[in-house]
Amino acid sequence: MTGGAGEHDDEARAARAAFRAYVRANHPDVGGDPDEFAEWLATSRAARDAARNAAEPEEDDSRYDAPISFVTSPKFTARWRRRKKRPPRVD
């Protein structure tokens, strides 16, 4: 069985381990060059974003285009007002 979910998890785990190892070795707090580290971080972030965008299809945002309508119900309003007047439930 090839191409299973386990392979993807192993690749992700290896990539994360490599990223963390580089950060541990080259972070400015442990003596690394800040400019070089910032440049590497920006390029690795751009590469991760490009890979993520290539792997995921574009989302269909049409479900957010519907008009918004507010419905007020006299029953709900009356219940809310009664509840609002109650003392807080604190033990």
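Up top you'll find the structure we're talking about.
Residues numbered from 1 in each chain as written. Predicted model: local features only at pLDDT ≥ 70, side-chain atom pairs only at ≥ 80, totals over all residues. Heavy atoms only, no water.

### Here's the deal with the overall build of the chain
When its secondary structure is counted, the chain shows three helices and zero strands. Counted from the first residue to the last, the chain has its helices and strands arranged as α-α-α. For the chain, with 91 residues in total, the buried portion stands at 3%. Of the roughly 8,800 Å² that the chain leaves accessible, carbon and sulfur atoms contribute 54%. (Helix = DSSP H or I, 4+ residues; strand = E, 2+ residues; numbered from the N terminus. Buried < 20%, exposed > 50% of the residue type's maximum accessible area, 1.4 Å probe, protein only. Areas by Shrake-Rupley, 256 points an atom, 1.4 Å probe, with all protein chains shown as cover.)

### A short note on the pattern of salt bridges
A full pass over the atoms with the stated rule returns one salt bridge. Here R13 and D10 are joined by a salt bridge, their closest N and O atoms 3.7 Å apart. Note that R13 and D10 are positioned in helix α1 (residues 5–26) at a spacing of three residues, about one turn of the helix. (Salt bridge = Lys/Arg side-chain N within 4 Å of Asp/Glu carboxyl O.)

### Quick notes on the environment of S44
Inspection of the secondary structure assignment puts S44 in helix α2 (residues 34–55). Considered as a pair, S44 and F19 are 25 residues apart in the sequence and their alpha carbons are 8.9 Å apart.

These values are about where atoms sit, not about what they do.
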